Amino acid sequence: MNPLKSQDFVIPTFLEKWENSKSYLVAVAEAMPPEKYDFKPTERQKGFQDQLLHIKSNMDWLSSTYFGRQMSDKESGNNSKLTKEETIKLLVNAFDGVSAILKNLPPEALSEKVEFFAGEKTKLQILNLLQDHVTHHRGQLIVYLNLNTIEPPTYVGW
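### Some words on helix H5 (residues 123-147)
Given 3.6 residues to a turn, an α-helix orients residues that are three or four positions apart in the same direction. Here H5 spans 37 Å end to end across 25 residues, near enough to the 36 Å set by a 1.5 Å rise per residue. Positive phi shows up at Thr149, right after H5, with a value of about 50°.

### Observations concerning the pattern of salt bridges
In the structure shown here, the tally under the stated rule is 7 salt bridges. Close ionic contact of Asp96 with Lys22 constitutes a salt bridge, the shortest N to O distance being 2.7 Å. A residue pair is termed long-range when its members are at least 10 positions apart, and Asp96 in helix H4 (residues 84-103) and Lys22 in helix H2 (residues 10-31) qualify at 74 residues. Classification of Asp96 as partly exposed rests on a relative accessible area of 31%. Relative accessible area serves as the criterion here: at 12%, Lys22 is assigned to the buried category. Put simply, Lys56 and Asp60 hold a salt bridge, and the shortest N to O gap is 2.2 Å. Taken together, the positions of Lys56 and Asp60, both in helix H3 (residues 48-67) and 4 residues apart, correspond to about one turn of that helix. Across the pair, Asp60 and Lys56 agree in class, each one buried.

### Looking at the nonpolar core
Phe48, Met59 and Leu102 are the most contacted members of the largest nonpolar core, which totals 38 residues. Listing elements by their share of this core, those giving two or more residues are H2, H3, H4 and H5. If one sorts the elements of this core by residue count, H2 sits on top with 9 residues. In contact with Phe48, not counting residues within four places along its chain, are Val28, Ala29, Met32, Lys36, Tyr37, Asp38, Phe39, Leu141, Tyr144 and Leu145.

### Side note on the environment of Gln131
One can find Gln131 in helix H5. For Gln131, a relative accessible area of 11% puts it in the buried group. Along the backbone, Gln131 and Met59 are 72 residues apart, and their C-alpha atoms lie at a distance of 9.1 Å. With residues near it in sequence (within four places) discarded, Gln131 still touches Phe14, Lys17, Trp18, Ser21 and Arg138.

The rules we used
Residues numbered from 1 in each chain as written. Predicted model: local features only at pLDDT ≥ 70, side-chain atom pairs only at ≥ 80, totals over all residues. Heavy atoms only, no water. Helix = DSSP H or I, 4+ residues; strand = E, 2+ residues; numbered from the N terminus. Expected span 1.5 Å × (residues − 1). Salt bridge = Lys/Arg side-chain N within 4 Å of Asp/Glu carboxyl O. Buried < 20%, exposed > 50% of the residue type's maximum accessible area, 1.4 Å probe, protein only. Core = buried A, V, L, I, M, F, W, Y, C linked by side-chain atoms within 4.5 Å. Contact = heavy atoms within 4.5 Å.

Structure, rendered in structure tokens:
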């Protein structure tokens, strides 16, 4: 296969995985009862809801900074004292916002280099970071569920 043509598969492949990642994280968020949304295993760790909002904020930051996503004031506003339902809705909207911007991104844009705090990266590397960050914090949230004797949802992969 022509290496330049192989780029045409990156975004659709990412979007398929991204949608499954969203479904899995929402299932994790749904599994925790609302009265446990402030649970944190230790003082130095974020609470369950804070982890979800951190994931959302990272998606917002990376997609707006590196992919030009325009965010409304409501999306980037104050996230304190949210209900479980409001938190999940914000999370879903962040996932969907990333998907929307990527659906219109030309594949060749993925090789574009951008300045990042860890040094120059390609937009493809930023996409990989988006997914890796979600996975990292979702893993922590699964531990939070287990510590509360709540069975985590079944893994959703590709």
